[in-house]
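For reference, the chains in residue letters:
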Amino acid sequence: MAKQLRTKPGAERAPFRPDVILRFEVKDDIIPATAASEQEGGDSEPGMRLLDYLFAMMPDRKRVTVKDYLKHNQVRVNGNTTRQFDQMLRPGDMVEVNATREFQTLDSKRVSIVYEDDDILVVNKGYGLLSVASDSNRKHETAYSILRDYLKRVDPRQKLFIVHRLDQHTSGLMMFAKNAAAKETMQHNWNNMVLERRYVAVVEGRPDPAEGTIDTLLAENSEHVVYSTDDPAAGKRAVTQYRTLRSGQGYSLVELQLSTGRKNQIRVHMHDLGCPIAGDRKYGAESSPMHRVALHARTLRFVHPTTRRDMNFSTAVPTAFAKCVGGYNPKN
């Protein structure tokens, strides 16, 4: 007879129980029908306070229980945890309530979550952080490893899938998938699913012309340097639209939009234009005023792989970028 293993009382591992999460999509008819708060002035957009909405959608819960959900970080609106009881909701907003415990939050200075649901994560990656480990950097911390560990704290069964990458020295918005179906939908239909990708960069000099389109074939040599070529057998087509937002102090703030997504595409195209990205020594920069490659993924807009909703995310122009050109006001 096999010897029975003995364990201390209470040492048995309890089975994992997933959180109970209630989800509500704000409908057009709920705002005028149940809005309990009047907005000052009377001429604001129609909306409804979050707390009033929660009361309306959970009539079976005690009011003090609903208030506690807000107090203890158990409510999310459009993927972001909130405790603001008077946050105004609009039709189409997604409200989630974790009836089990507070939503787990990511505590990292190198990457922050912009949006999260059951299928995707949209994050703001810091510069200098790898998106995912390479063969020569297996032990380095990456955006993938940070987010994977965060998800495991939420649910040990949760997986994370890479959809696309940002260069190590590029900061800004990128997305990950939380299941294989979302990953495959995005990757197999990338050109149709991704509606817009915009970057901002600080480049040396002043682009001439101030705006235009760069359309070349890109190839990569044995030293992993990407370059433009006239050989159609060696290169893949890369198209970048650019527009100068402001020039000053020897630099220019440039907005760039990608029609293709080749490795180092923007960096090579700015080099080809004669205005390398500040700090990008690999592609011809002579200065590094911010001690980094001055490239930031500012806008990411795509079709949600499951709901098919239009997902549109943007960040502000980094403060250091604006200062480098003597200030920038997007309203001017």
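See the structure above.
If you're wondering where the values come from, they're calculated on a predicted model, not measured in any experiment.

S.K.: Can you walk me through the pattern of salt bridges in this structure?
M.R.: Pairing between side chains becomes possible if they bear opposite charge and their charged atoms approach one another. Evaluated as defined, the whole model comprises 20 salt bridges. The partner of Glu255 in a salt bridge is Arg198, with the nearest N and O atoms 3.3 Å apart. Of this pair, Glu255 sits in strand S15 (residues 251-258) while Arg198 sits in strand S11 (residues 194-204), and the two are 57 residues apart along the sequence. By relative accessible area, Arg198 is classed as partly exposed at 23%. Its salt-bridge partner being Arg237, residue Asp215 comes within 2.5 Å of it at the nearest N-O pair. In this pair, Asp215 sits in strand S12 (residues 211-220) while Arg237 sits in strand S14 (residues 236-248), placing the two residues 22 residues apart along the sequence. Among the charged side chains, a salt-bridge network with shared partners connects Arg23, Arg76, Glu96, Glu116, Asp118 and Lys178.

S.K.: What exactly am I supposed to notice about the packing of aromatic side chains here?
M.R.: Two measures describe an aromatic ring pair: the distance that separates the ring centres and the angle between the ring planes. Applying the stated criterion across every chain, the model contains two aromatic pairs. A connected cluster of aromatic rings, assembled from ring pairs, spans Tyr115, Phe302 and Phe313. The ring of Phe55 carries the charged tip of Arg63 above its face, separated from the ring centre by 3.9 Å. The aromatic ring of Phe103 is capped on one face by Arg76, whose charged end is 4.1 Å from the ring centroid.

The rules behind these values
- Residues numbered from 1 in each chain as written.
- Predicted model: local features only at pLDDT ≥ 70, side-chain atom pairs only at ≥ 80, totals over all residues.
- Heavy atoms only, no water.
- Salt bridge = Lys/Arg side-chain N within 4 Å of Asp/Glu carboxyl O.
- Helix = DSSP H or I, 4+ residues; strand = E, 2+ residues; numbered from the N terminus.
- Buried < 20%, exposed > 50% of the residue type's maximum accessible area, 1.4 Å probe, protein only.
- Phe/Tyr/Trp six-rings, centres within 6.5 Å; stacked < 30°, edge-to-face > 60°.
- Lys NZ or Arg CZ within 6 Å of the ring centre and 35° of its normal.

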